[in-house]
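Residue strings, one per chain:
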Amino acid sequence: MEYLFESRQLLLNAALAASVALLLDRWLRRRGRGTGKDALARELARLEARAEAVREALAGLDEPPQREVRIWMDGAFDMMHYGHANAFRKGRALGTHLIVGVNDDESILRCKGAPPLMNDEERLAMVQACKFVDEGGA
């Protein structure tokens, strides 16, 4: 969740900086590059109040969920690779508990038309060893 908080902060800061730059540019063009510092100060204060409201709204999103949120994923997971681990990471970020089901050899043969390279126990052991997975089962 810390990663999401940093991303939101960066996004908020970038949006605020871009808004201020566009506002200043538009204001200066309208004024013919005049000196209306009071008007600019009022507009910047209004934007800062809006940015603070956004910050407060985002702060609530970073709090841990009040209840447990279980996420379910399933698949063959034959020959575990980065894509599987990344899917587990993203799935885990959606909730508080990630449960991963591993399809058995027969269902993989039926769906894919070829048997998996690794047996049920080996695939299950690899899934359970992933740090993002809270529960893994066949």
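As the structure is a prediction and not an experimental result, all values here were calculated from the model.

Trainee: Even after reading the chapter, I still don't get the overall build of the chain, so can you show me in this structure?
Mentor: Helix and strand counts for the chain stand at 5 helices and 3 strands. Its helices and strands taken in sequence order, the chain reads α-α-β-α-β-α-α-β from the N to the C terminus. By the burial criterion, 24% of the 138 residues in the chain qualify as buried. Taking the intrachain contacts of the chain between residues at least 6 apart in sequence as the baseline, contacts between residues at least 24 apart amount to 64%. Here the chain displays about 9700 Å² of accessible surface, and carbon together with sulfur accounts for 58% of that area.

Trainee: Help me understand the packing of aromatic side chains, please; the structure alone is not making it clear to me.
Mentor: Given two aromatic rings, their pairing is described by the distance between the two centres and the angle made by the two planes. Taken as a whole, this structure holds 1 aromatic pair when the rule is applied. Between Phe77 and Phe88, the ring centres sit 5.1 Å apart and the planes meet at 55°, which makes this aromatic pair tilted. Residue Phe77 is found in the loop between strand E1 (70–75) and helix H3 (82–93), and its partner Phe88 is found in helix H3; the two are separated by 11 residues along the sequence. Exposure class is identical for Phe77 and Phe88. Each is buried.

Trainee: Would you explain the sheet that holds strand E3 (residues 135–137) in this entry?
Mentor: Where strands meet in a sheet, backbone hydrogen bonds hold them as pairs that are either parallel or antiparallel. Pairing is parallel across the open sheet formed by 3 strands, whose spatial order is E1-E2-E3. Two strands in the sheet have a free side with no partner beyond their single neighbour: E1 and E3. Each strand of the sheet is rotated relative to its neighbour by a mean of 15°, with strand direction disregarded. In the sheet, strand E2 (residues 97–102) pairs with E3 via 3 bridges, with the strands oriented parallel. Residue pairing for E3: Gly101 is matched across the bridge by Gly137. Sheet strands in contact with H3 are E1 and E2, and its direction is about 140° off that of E2. Across the face of the sheet, helix H5 (residues 120–129) comes into contact with E2 and E3 while running at roughly 170° to E2.

Trainee: What exactly am I supposed to notice about the side chain of His84 here?
Mentor: Within the secondary structure, His84 sits in helix H3. Using a relative accessible area of 15% as the deciding quantity, one classes His84 as buried. Apart from the residues lying within four places of it in its own chain, the contact partners of His84 are Phe77, Asp78 and Met79.

Trainee: How should I be thinking about the nonpolar core in this particular structure?
Mentor: What tends to happen in soluble globular proteins is that the nonpolar side chains get buried as a cluster. Judged by nonpolar contacts, Ile71, Met73, Phe77, Phe88, Leu98, Val100, Val102, Leu124, Val127, Cys130 and Val133 together constitute the single largest core of 11 residues. Looking at this core, the elements that each hand over two or more residues are E1, E2 and H5. When residues in this core are grouped by element, the largest group, 3 residues, is from E2.

Reading the values: rules and limits
- Residues numbered from 1 in each chain as written.
- Predicted model: local features only at pLDDT ≥ 70, side-chain atom pairs only at ≥ 80, totals over all residues.
- Heavy atoms only, no water.
- Helix = DSSP H or I, 4+ residues; strand = E, 2+ residues; numbered from the N terminus.
- Buried < 20%, exposed > 50% of the residue type's maximum accessible area, 1.4 Å probe, protein only.
- Contact = heavy atoms within 4.5 Å.
- Areas by Shrake-Rupley, 256 points an atom, 1.4 Å probe, with all protein chains shown as cover.
- Phe/Tyr/Trp six-rings, centres within 6.5 Å; stacked < 30°, edge-to-face > 60°.
- Pairing = 2+ DSSP bridges.
- Axes fitted to C-alpha atoms, helices over the stretch in contact; angles between N-to-C directions.
- Core = buried A, V, L, I, M, F, W, Y, C linked by side-chain atoms within 4.5 Å.

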